[in-house]
Every structure is written in structure tokens, then in C-alpha cells.
Amino acid sequence: VQLQAFGGGLVQAGGSLRLSCVASGLTFTSYVMGWFRQAPGKEREFVAFINWSSSITFYTDSVKGRFTISRDNAMNTLYLQMHSLNPEDTAIYYCTAVRGYSMSNYYRTDHYDYWGQGTEVTVSS
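Values in this document were obtained by computation on a predicted structure and should not be read as measured data.

Explain the packing of aromatic side chains to me, please; I cannot follow it from the model alone.
Two measures describe an aromatic ring pair: the distance that separates the ring centres and the angle between the ring planes. Within the structure shown, the criterion is met by 11 aromatic pairs. With centroids separated by 4.2 Å and ring planes inclined at 20 degrees, the aromatic side chains of Phe 58 and Tyr 106 adopt a geometry described as stacked. Residue Phe 58 is found in strand E6 (residues 57-59), and its partner Tyr 106 is found in the loop between strand E9 (91-99) and strand E10 (114-115); the two are separated by 48 residues along the sequence. Three or more aromatic residues joined by ring pairs make a cluster, and in this case those are Phe 36, Phe 46, Phe 49, Phe 58, Tyr 106, Tyr 107, Tyr 112 and Trp 115.

Structure, rendered in C-alpha cells:
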């Protein structure tokens, strides 16, 4: 299984970015997916979760109303649309996946088996 994340970059506060994560080596619909982020000097934290059918999503409070997680099962691709970015969103963003349909502990890093390499998002003030 490989997850390849891209789409990060430098953006001004208030701007938008869309992250993508292309998955290979798996049956995409058999996996639930998530995005985490890690800011410099901080632990990796949960950002968003999506189940296999996109019928259920969860977000950390700080991104609710600004970020949208989605997936295209035909393209084996996970997305994170980010709006109204602020400097506190600066981090390396990681996509992640785990086989199955469990949603318990979706906010924990140890819930997931596979991780992408990360894509860096920098928001300037």
C-alpha cells in the first residue's frame, strides 16, 4: 500500500489550498481514510476522517466549517479542501488509511496502518 500526498504550499492567511492523496496497492473502498497534521515542535494531530462511502465525516473543532474532506473512489484519491487558512494551520499534512470500516478511535494515530509522506502547508500572516 502506498499513499502519495501532494498539493501543499505557501499561502497567505485567508487563502485556500486543496490537498490530494493518491492511494495504490489497495482496494480503496475497503479503507477508511484520514488527514493528520504535525506542526513544528508539536505532536501529530487529527484533522479529518471519512468513511468508505463518504457518508460519515469527522473534523477536529479548529477546522470545522473551513476544511472539507472528500474522496473519489473511482480515482483512489482522498482530498482535503482548506479555506480561510490561518498561520495556526501551518504544518505537514499526512494522509492515512486503515482497512475496514471501524470508526472507533478515528482521531488516534495508532488507529491507522498506512501513512503518506506528508505535504507541507505554510500559511503566512
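Still more to cover.
Could you clarify how one ought to interpret the layout of surface pockets in this entry?
Gaps left between atoms are located by rolling a probe of water-molecule size over the structure's atoms. A volume near 150 Å³ is recorded for the largest pocket. Lining the largest pocket are Arg 37, Gln 38, Ala 39, Pro 40, Lys 42, Glu 43, Glu 45, Pro 87, Glu 88, Thr 90 and Ala 91. By residue class, the composition of the lining of the largest pocket is 4 nonpolar, 2 polar and 5 charged.

Please explain the environment of Ser 20 as it appears in this structure.
Within the fold, Ser 20 resides in strand E3 (residues 17-24). For the pair Ser 20 and Arg 66, spaced 46 residues apart in sequence, the C-alpha to C-alpha distance is 16 Å. Beyond its immediate chain neighbours, meaning those up to four positions away, Ser 20 contacts Gln 4, Ala 5, Phe 6, Trp 35, Thr 77, Leu 78 and Tyr 79.

For this particular structure, what's the right way to read the side chain of Thr 119?
Looking at the secondary structure, you find Thr 119 in strand E11 (residues 119-124). A polar atom in the side chain of Thr 119 sits 3.0 Å from the backbone nitrogen of Gly 8.

Honestly, the nonpolar core in this entry has me stumped. Any pointers?
Soluble globular proteins tend to bury their nonpolar side chains together. The biggest cluster of nonpolar side chains holds 29 residues, and the ones touching the most others in it are Trp 35, Leu 80, Met 82 and Tyr 93. Not counting residues up to four positions away in its chain, the partners in contact with Leu 80 are Leu 17, Arg 18, Leu 19, Trp 35, Val 47, Ala 48, Phe 67, Thr 68, Ile 69 and Tyr 93. One finds Phe 36, Phe 49, Val 98 and Tyr 112 within the second-largest nonpolar core, a separate group that totals 7 residues.

I'm lost on the sheet that holds E3 in this one. Help?
Strand pairing in a sheet relies on backbone hydrogen bonds. The paired strands run either parallel or antiparallel. Read from one edge to the other, the open sheet built from 4 strands follows the order E1-E3-E8-E7, with strand pairing classed as antiparallel. Whereas interior strands pair on both sides, the edge strands pair on one side only; in this sheet they are strand E1 (2-6) and strand E7 (67-72). Neighbour-to-neighbour, the strand axes of the sheet open up by a mean angle of 15 degrees, direction not taken into account.

Would you take a moment to explain the pairing of E7 for this structure?
Here E7 shows one buried face, formed by Phe 67, Ile 69 and Arg 71, and one open face, formed by Thr 68, Ser 70 and Asp 72. Pairing of E7 with strand E8 (residues 77-82), which is carried by 6 bridges, proceeds in the antiparallel orientation. Across the sheet, residue Arg 71 finds its bridge partner in E8, namely Leu 78.

What should I look at first to understand the pattern of salt bridges in this one?
Any two side chains of opposite charge can pair, given that their charged atoms come close. Inspection of the entire model under this criterion finds 5 salt bridges. The residue Asp 89 makes a salt bridge to Arg 37 at a minimum N-O spacing of 2.9 Å. Here Asp 89, found in the loop between E8 and E9, pairs with Arg 37, found in strand E4 (residues 31-38); they are 52 residues apart in sequence, far enough to count as distant. Here Asp 89 and Arg 37 have matching classes, each one buried. One connected set of salt bridges, linked through shared partners, spans Arg 37, Glu 45, Arg 66 and Asp 89.

So, how was this worked out
- Residues numbered from 1 in each chain as written.
- Predicted model: local features only at pLDDT ≥ 70, side-chain atom pairs only at ≥ 80, totals over all residues.
- Heavy atoms only, no water.
- Phe/Tyr/Trp six-rings, centres within 6.5 Å; stacked < 30°, edge-to-face > 60°.
- Helix = DSSP H or I, 4+ residues; strand = E, 2+ residues; numbered from the N terminus.
- 1 Å grid on protein atoms, 1.4 Å probe; cavity = no way out; pocket = protein on both sides within 12 Å on 5 of 7 lines; lining within 4 Å.
- Points joined across faces, edges and corners; volume = space filled by probe spheres on them.
- Nonpolar A, V, L, I, M, F, W, Y, C, P; charged D, E, K, R; others polar.
- Contact = heavy atoms within 4.5 Å.
- Polar contact = N/O pair within 3.5 Å; in protein donor to acceptor, adjacent residues only side chain to side chain.
- Core = buried A, V, L, I, M, F, W, Y, C linked by side-chain atoms within 4.5 Å.
- Buried < 20%, exposed > 50% of the residue type's maximum accessible area, 1.4 Å probe, protein only.
- Pairing = 2+ DSSP bridges.
- Axes fitted to C-alpha atoms, helices over the stretch in contact; angles between N-to-C directions.
- Salt bridge = Lys/Arg side-chain N within 4 Å of Asp/Glu carboxyl O.

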